[in-house]
Amino acid sequence: MVHSVLVIEARGIAPPVRRRSLRTLTLDEREDISRGIASGSSIREIAKGLQRPVSTVSREVARHGGRPLYRASEADHQAWESALRPKVYLLANHETLRTIVASKLILDWSPEQISKWLKVHYSNNESMRVSHETIYRSLFIQARGVLKKS
C-alpha cells in the first residue's frame, strides 16, 4: 500500500540515477590527457600512463578537437551529453532527407542503394547522407518508425 502511494505521488517510477560506465574515461583521466598534450607527450605515452589502449586516447583527442583544441572539462561535458539515450535518428529531424529516402523506398530501392546514391549525388553535402543501417533502423524499429509516417 505504501509503495503504490509513492508511485502515485511521483507520477510513475523514477528512472535510475544516471551513472557513467566504468569503461569510459573519467574527468581525472581526461585531465591527464590534457596535461600530456600540453607537455608534448605522444598519444602512446599518455595511453601508457593511463593504462588505457592507445586507440581509446587517440579517439578521445580526435573527437574533442585534436591536440591543439583538447580541453578536459569540455571533453568530459561533451561525452556526458552525447551519452544521453535515446538518440533521435537522423531521419526524424531531416525532412528533406527523409522525403528522398521514402521516395526511393517506394521505388523498391534497397537501403544500400539509397545510401550509395545519396553519397554520389550529394558528395559536397554530408548532411544529405545517411547509412543503410540508419534507414533499416528507421524502418523496422516500431517505436521510432520514422519512415512509416512518410
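Structure: above.
It should be emphasised that the depicted structure is a prediction, and the values quoted were computed from it without experimental measurement.

Enquirer: Before we go on, may I ask you to explain the layout of surface pockets in this structure?
Expert: If you roll a probe as big as a water molecule over the atoms, it shows you where there is empty space left. Volume-wise, the largest pocket comes out at about 440 Å³. Thr24, Leu25, Arg30, Arg63 and Ala79 are the residues nearest the centre of the largest pocket, which is lined by 18 residues in total. The set of elements that each furnish at least two residues to the lining of the largest pocket consists of α4 (54-63) and α6 (72-82). Of all the elements, α4 adds the most residues to the lining of the largest pocket, at four residues. Residues that form the lining of the largest pocket fall into these classes: five nonpolar, four polar and nine charged.

Enquirer: What am I meant to see in the packing of helix α2 (residues 27-38) against α4 here?
Expert: Packed helix pairs are characterised by how far apart their axes lie and by the angle those axes make with each other. Across the interface, α2 lies against α4 with an axial gap of 11 Å and an inter-helix angle of 80°. In terms of axis orientation, α2 runs roughly perpendicular to α4. The residues of α4 that touch α2, namely those facing Arg30, Ile33 and Ile37, are Val57, Glu60 and Val61.

Enquirer: Teacher, can you tell me more about the packing of aromatic side chains here?
Expert: How two aromatic rings sit relative to each other is set out by the distance from centre to centre and by the angle between their planes. Going through the model one piece at a time under the given rule, you end up with two aromatic pairs. Aromatic pair Trp109 and Trp117: ring centres 6.1 Å apart, planes at 85°, arrangement edge-to-face. Look at Trp117 and you get partly exposed, because its relative accessible area is 23%. Measuring from ring centre to ring centre gives 6.3 Å for Trp117 and Tyr122, while their planes differ by 75°; the resulting arrangement is edge-to-face.

Cut-offs used in this document
- Residues numbered from 1 in each chain as written.
- Predicted model: local features only at pLDDT ≥ 70, side-chain atom pairs only at ≥ 80, totals over all residues.
- Heavy atoms only, no water.
- 1 Å grid on protein atoms, 1.4 Å probe; cavity = no way out; pocket = protein on both sides within 12 Å on 5 of 7 lines; lining within 4 Å.
- Points joined across faces, edges and corners; volume = space filled by probe spheres on them.
- Helix = DSSP H or I, 4+ residues; strand = E, 2+ residues; numbered from the N terminus.
- Nonpolar A, V, L, I, M, F, W, Y, C, P; charged D, E, K, R; others polar.
- Axes fitted to C-alpha atoms, helices over the stretch in contact; angles between N-to-C directions.
- Parallel < 35°, antiparallel > 145°, perpendicular 65-115°, else oblique.
- Contact = heavy atoms within 4.5 Å.
- Phe/Tyr/Trp six-rings, centres within 6.5 Å; stacked < 30°, edge-to-face > 60°.
- Buried < 20%, exposed > 50% of the residue type's maximum accessible area, 1.4 Å probe, protein only.

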